[in-house]
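Chain and residue survey
Each chain, letter by letter, is given below.
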Amino acid sequence: MNNTEKIPGTIISASILNSDLSDLRETARRVDESGSEWLHFDVMDGNFVENITFGSSVLHAVKPFSKAFFDVHLMVRLPERQIKLFADAGAQNITFHTESECDPEALIDEIHSLGLRAGVAIKPGTDVSGVMPYIGKADMMLIMTVEPGYGGQGFIPETLGKIKAVREAAPYIDIQVDGGINDKTAALVKEAGANVLVAGTYLFRSDDMHKAADTLRNA
Ligand code: DX5
Ligand code: ZN
């Protein structure tokens with residue numbers, strides 16, 4: 001169910017990619033303590049992107065220690081193979097890339113059939129027309145603000161126009177941004193229309209993660 005006829009509020013989704021992966025229990029505690037509503041899992045297969053991160057077993061491990069909403073970002077060549085695994089592991093939103101090998105409409109239906117929210121993502125180099133067909137069906141559009149693959153990259157300002165275009169086409173949908181989101185870029189993406197801000201480096205490298213999350217939320 002999307003487009004709930006109200007302007008969506010700001011959500012902070014903390015990405016564990018650049019957190020202390022040697023202590024995910026502590027990472028989950030820090031995220032809860034920071035007031036970030038969502039926990040963002042960047043799943044990479046070494047195929048769709050060069051990097052390899054983790055599978056659904058990490059969600060199983062973290063679930064008992066987290067109060068956050070589990071937000072999964074699949075950067076994998078064959079997302080269909082992962083949907084059930086991540087749903088069973090506690091995912092509450094699953095976002096896949098239109099550039100992957102999939103039937104987006106069927107994938108959205110499958111994610112919804114499992115009771116989860118469905119997100120559709122495009123890379124910085126993909127035209128915004130890549131997500132427009134799914135506005136009435138998906139719950140969230142992810143406009144990548146860096147090239148998928150690694151945390152800690154620089155924000156790509158050329159992506160702002162794509163955020164604006166989606167917001168103009170869909171006033172009530174969740175628009176997520178991911179990559180290079182910090183105290184400087186948060187205001188830019190919110191001004192353009194994004195309301196779900198993924199941040200990893202900025203949050204986990206801050207001395208006061210709660211203050212950092214509030215800075216993004218109030219930007
Ligand atoms: C890229 C990843 C990153 C990560 C957050 O594939 O999706 O964008 O979530 O990156 P930073 O550290 O820039 O917030
Ligand atoms: Zn991500």
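Residues numbered from 1 in each chain as written. Chains lettered and ligands numbered in written order. Predicted model: local features only at pLDDT ≥ 70, side-chain atom pairs only at ≥ 80, totals over all residues. Heavy atoms only, no water.

Right, let's get into the overall build of the chain. Helices and strands together make up the secondary structure of the chain, namely 8 helices and 8 strands. Here the C-alpha atoms of the chain give a radius of gyration of 16 Å, agreeing with the 17 Å that 2.2 N^0.38 yields for 219 residues. For the chain, the C-alpha atoms occupy an extent of roughly 40 × 35 × 35 Å along the three principal directions. Counting all 219 residues of the chain, 53% fall into the buried class. For the chain, the share of sequence-separated contacts (at least 6 apart) that also reach a separation of at least 24 residues comes to 67%. Of the accessible surface of the chain, which amounts to about 9200 Å², a share of 51% is contributed by carbon and sulfur atoms. Here the chain contributes 20 positively and 31 negatively charged side chains, and the mean placements of these two sets differ by 4 Å. (Helix = DSSP H or I, 4+ residues; strand = E, 2+ residues; numbered from the N terminus. Rg over C-alpha atoms; globule rule 2.2 N^0.38 Å. Buried < 20%, exposed > 50% of the residue type's maximum accessible area, 1.4 Å probe, protein only. Contact = heavy atoms within 4.5 Å. Areas by Shrake-Rupley, 256 points an atom, 1.4 Å probe, with all protein chains shown as cover. Lys, Arg positive; Asp, Glu negative; His and termini not counted. Charge placed at Lys NZ, Arg CZ, Asp CG, Glu CD.)

Quick look at the coordination of the zinc ion (ligand 2) now. Within the first shell, the zinc ion (ligand 2) binds the protein through His40 (NE2), Asp42 (OD), His73 (ND1) and Asp178 (OD), at distances of 1.9 to 2.2 Å. If you list the donors of the zinc ion (ligand 2) from N- to C-terminus, the spacing comes out as H-x1-D-x30-H-x104-D. Highlighted residues: His73 in strand β3 (residues 69-75) and Asp178 in strand β7 (residues 174-178), separated in sequence by 105 residues. Residue His73 shares its accessibility class with Asp178, and that shared class is buried. (Donors = N, O, S within 2.8 Å, 3.2 Å for Na, K, Ca; no water.)

Our focus in this paragraph is the side chain of Arg217. Counting through the fold element by element, Arg217 comes out in helix α8 (residues 209-217). The residues touching Arg217, leaving out its near neighbours within four places in the chain, are Thr10, Ile12, Gly35, Ser36, Glu37 and Lys190.

This brings us to the environment of Val177. Within the element layout of this structure, Val177 appears in strand β7. With 102 residues separating them in the primary sequence, Val177 and Met75 have C-alpha atoms 14 Å apart. Ignoring sequence-local partners within four residues, the contact set of Val177 consists of Leu142, Ile143, Thr145, Ile163, Val189, Ala194, Val196, Leu197 and Val198.

Turning our eyes to something else, we now look at helix α4 (residues 104-113). Those residues of α4 that fall on the buried side of the exposure criterion are Pro104, Leu107, Ile108 and Ile111. The arc that holds the buried residues of α4, viewed along the axis, is 100 degrees, so those residues lie on one side. Where the residues of α4 are buried, they touch α3 (83-88), β4 (93-97) and β5 (117-122). Phi turns positive, to about 80 degrees, at Gly115, one or two residues after α4. (Arc of directions from axis to C-beta.)

This part covers the pattern of salt bridges. Applying the stated rule across the entire model yields 10 salt bridges. Residue Glu26 is joined to Arg29 by a salt bridge in which the shortest nitrogen-to-oxygen separation is 2.6 Å. With Glu26 and Arg29 both in helix α1 (residues 24-34) and 3 residues apart, this pair spans about one turn of that helix. For Glu26, a relative accessible area of 29% translates into the label partly exposed. By relative accessible area, Arg29 is classed as partly exposed at 37%. The salt bridge involving Asp174 is made with Arg117; its shortest N-O contact spans 2.9 Å. Linking Asp174 in strand β7 with Arg117 in strand β5, this pair joins segments that are 57 residues apart in sequence. A single network of salt bridges, built from pairs that share partners, joins Glu26, Arg29 and Glu33. (Salt bridge = Lys/Arg side-chain N within 4 Å of Asp/Glu carboxyl O.)

This part is about the packing of aromatic side chains. What describes a pair of aromatic rings is the distance from one ring centre to the other and the angle between the planes of the rings. Per the counting criterion, the structure on display carries 3 aromatic pairs. Ring geometry for Trp38 against Phe69: centres 4.5 Å apart, planes inclined by 25 degrees, an arrangement best described as stacked. In this pair, Trp38 sits in strand β2 (residues 38-44) while Phe69 sits in strand β3, placing the two residues 31 residues apart along the sequence. We note that Trp38, like Phe69, is buried. Ring plane angle 55 degrees and centroid distance 4.8 Å describe the contact between Phe41 and Phe70, whose orientation is recorded as tilted. Separated by 29 residues along the polypeptide, Phe41 in strand β2 and Phe70 in strand β3 bring together distant segments of the chain. Residue class for Phe41 comes out buried when judged on its relative accessible area of 0%. Overall, the relative accessible area of 0% leaves Phe70 in the buried class. Among the aromatic residues, those joined into a cluster by ring pairs are Phe41, Phe54 and Phe70. Here Lys63 stacks its cationic end above the ring of Phe70, 4.0 Å away from the centre of that ring. (Phe/Tyr/Trp six-rings, centres within 6.5 Å; stacked < 30°, edge-to-face > 60°. Lys NZ or Arg CZ within 6 Å of the ring centre and 35° of its normal.)

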